[in-house]
Structures are given as structure tokens and as C-alpha cells.
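These are the residues of each chain, in order.
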Amino acid sequence: MIYQSFAQLYDELFDAQLYEQWRDYTLNRLPSTSKTVLDLAGGAGRLACLLATAGLGLTVADFSPEMLSLAGKHAAEAGVDLQLVQADMRDLAGFPQFDAVTCYADSLCYLDDLADVRETFSQVSAHLAAGGRFLFDMISPYQTDVVYPGYMYNYEDEDQQRAFIWRSFADDDVKHGVIHELAFFNQLPDGNYHRVGETHFERSYPLEELQAALQQAGFQRVKVTADFGRQEVTPETTRWFFECQK
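Parameters and conventions
- Residues numbered from 1 in each chain as written.
- Predicted model: local features only at pLDDT ≥ 70, side-chain atom pairs only at ≥ 80, totals over all residues.
- Heavy atoms only, no water.
- Helix = DSSP H or I, 4+ residues; strand = E, 2+ residues; numbered from the N terminus.
- Rg over C-alpha atoms; globule rule 2.2 N^0.38 Å.
- Buried < 20%, exposed > 50% of the residue type's maximum accessible area, 1.4 Å probe, protein only.
- Contact = heavy atoms within 4.5 Å.
- Areas by Shrake-Rupley, 256 points an atom, 1.4 Å probe, with all protein chains shown as cover.
- Pairing = 2+ DSSP bridges.
- Axes fitted to C-alpha atoms, helices over the stretch in contact; angles between N-to-C directions.
- Phe/Tyr/Trp six-rings, centres within 6.5 Å; stacked < 30°, edge-to-face > 60°.
- Core = buried A, V, L, I, M, F, W, Y, C linked by side-chain atoms within 4.5 Å.
- Expected span 1.5 Å × (residues − 1).

Undergrad: Looking at this model, I keep getting lost on the overall build of the chain. Mind explaining?
TA: In terms of helices and strands, the chain carries seven helices and eleven strands. Scaling as 2.2 N^0.38, a compact globule of 246 residues should have a C-alpha radius of gyration of about 18 Å, and the chain matches this with 18 Å. Across its three principal directions, the C-alpha atoms of the chain cover 60 × 45 × 30 Å. Looking at the 246 residues of the chain, the share that counts as buried comes to 48%. Long-range contacts, defined as pairs at least 24 residues apart, comprise 64% of the intrachain contacts of the chain with a sequence gap of at least 6. When the accessible surface of the chain is split by element, carbon and sulfur atoms take 47% of a total near 12300 Å².

Undergrad: Is there a simple way to think about the sheet that holds strand S9 (residues 193–203) in this case?
TA: By definition, the strands of a sheet pair up through backbone hydrogen bonds, in either a parallel or an antiparallel sense. Reading across from one edge, S6-S7-S8-S9 is the order of the four strands in this open sheet, with antiparallel pairing throughout. Only two strands of the sheet have a single neighbouring strand rather than two, namely strand S6 (152–156) and S9. With direction set aside, neighbouring strand axes in the sheet form an average angle of 10°. Sheet analysis places S6 next to strand S7 (residues 162–170), joined by five bridges and oriented antiparallel. From the neighbouring strand, tyrosine 153 faces S7, where its bridge partner is tryptophan 166.

Undergrad: Can you help me understand the packing of aromatic side chains in this one?
TA: Working definition: an aromatic ring pair is given by the centre-to-centre distance plus the angle between the planes. Applying the stated rule across the entire model yields 17 aromatic pairs. With a centroid separation of 6.0 Å and 75° between ring planes, the pair formed by phenylalanine 121 and phenylalanine 134 is classed as edge-to-face. Of this pair, phenylalanine 121 sits in helix H5 (residues 114–126) while phenylalanine 134 sits in strand S5 (residues 128–139), placing them 13 residues apart in sequence. Members of the aromatic cluster, each reached through a chain of ring pairs, are Tyr19, Trp22, Tyr25, Tyr104, Phe228 and Phe241.

Undergrad: Which parts of the structure should I look at to understand the nonpolar core?
TA: Taken as a class, soluble globular proteins show a tendency for nonpolar side chains to be buried jointly. One finds Leu40, Leu108, Phe121, Phe134, Phe136 and Phe242 to be the most contacted residues of the largest nonpolar core, which totals 35 residues. At the level of elements, strand S1 (36–40), strand S4 (98–103), H5, S5, helix H7 (207–216) and strand S11 (239–245) are the ones that each hand at least two residues to this core. A per-element tally of this core places S5 first, with five residues. Those residues within four positions of phenylalanine 136 in sequence are excluded, and the remaining contacts are Cys103, Tyr104, Leu108, Phe121, Leu214, Trp240, Phe241, Phe242 and Cys244. Listed in part, the 22 residues of the second largest apolar core include Tyr19, Leu56, Leu58 and Phe228.

Undergrad: I keep staring at H5 and nothing clicks. Help me out?
TA: The α-helix winds at 3.6 residues per turn, so residues separated by three or four positions along the chain end up facing the same way. An ideal rise of 1.5 Å per residue puts 18 Å on 13 residues; H5 measures up with 18 Å between its terminal C-alpha atoms. All buried positions along H5 are accounted for by Leu114, Asp116, Val117, Thr120, Phe121, Gln123, Val124 and Ser125. Elements that come into contact with the buried residues of H5 comprise S1, S4, S5 and H7.

Undergrad: Please explain the side chain of glutamine 123 as it appears in this structure.
TA: As for its position among the elements, glutamine 123 is in helix H5. The buried category is assigned to glutamine 123, whose relative accessible area is 16%. Sequence-distant contacts of glutamine 123, that is, excluding residues within four places in its chain, are made with Met89, Arg90, Asp91, Leu92 and Ala93.

Here is the structure:
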């Protein structure tokens, strides 16, 4: 297939080992009594398929119908059942309660501001059963302010038929904000390349502001770690992992 959407190309390129690490982080922190999980911003459903294979009942919520279509295909390939719902994480009206909610790949960092993050925390809390777990990650201000500005990643497959370019810049209009320019190039039969690209905006917040927002939303136990729970947080931690209990 020569012409592919950004969602398809992004899904194909994403590192499968990251999904395995998110799976392990999740399974290691869920009580044995957990049966149902809501994966917010679950995208193409690759993590949901791994968790469903482990015996959990998975609902995938994502804003993109194209991503949910890919999730349906991956579920069929994996032989698992996923409930797929198009939804905005800031409004989960109509959803039932779950034993756990996950939200990985820095998805909360794509919300516009801290008010949206607070609203999402409140929505999650309202749809968690008593004692339920909320597991998520977010990039830190160290990542947005120090690591990302000027960052570039280039990829080209062995036969030079496909390439990917990722460039990041500081967002001067948003505190702890970053701009990502992502572009895929697919070679056409005539030797020219077809470009598919998107611009993404992310932002982070001081850790104490996120912890306060979680407490306000009803999460009394909040543990923050680094490296998928394997390390303690330091001033140079690039991504925080949150384990929250209602």
C-alpha cells in the first residue's frame, strides 16, 4: 500500500518493546481482583491487546476513529475482544466504573492546560471502583525544557523506501511546552516520495501541581517513579510514572 495515513504509519513505527513495558508496569500494580480496565487514549490498541491476552476485560477510548479502527484490526489478529469507544478523556459520561484506568504515552501532555488535566483526573476518579488504580505517565519539565528543544530523530528502512523525520522545538508561547514536527516519506513507483506529516504540541507541569490535582480528584495514595517504576525520581527524570489509588 503506497498511500497510508499518519495513524497507520505511526502505529507501524512505534517501538513494540514500549508496549511490553507498559503491560508489565500495569500488571505488576493491579490487584488480583482487577477484571476491567479502561485504556484512555488507547490509540491502535496494542497495549489493550496485551492486557486482554493476560485475561483482563479491556475498553479502549480514543478521540481518533482511525486509531480505533486500527485497534479493531489488531484485536482480531490477536484473537481478543476489545470494547472500542470514541471519546474525549475530559468527558467520560456514560462510561461504567472500572477496576483500573490506564493512560500512557504521555497522552495527558497533549491536553491544552492544567484545567483539562484536572478535569480528566476527576473523570477518571468518578469512573473508578472503590480502591481502583489509575496508572499513567507524563513527561517532565526537564524533558520539555532541556531534552526536547533541538531534538531530531531520523529513520530510514534498509531498502530506502520509507523514511521518518522527527524534530522538536521549544514552544515559546507555552510554559514547559514543546512542538514536534513528524513526517513520513514513502517512495512511489516513479522514485519520488509521498509525504505524510503532522505537528504535535505537548506540555508538562511541575510535579507538585500534578500531585495536588490528583489529591483534589480523590486519589489519596499516589506513588511517582521513573523508568517504568524501576527508579526513583530525580531532577533529571524525563518521564514520571504515576500509580494512584482511589
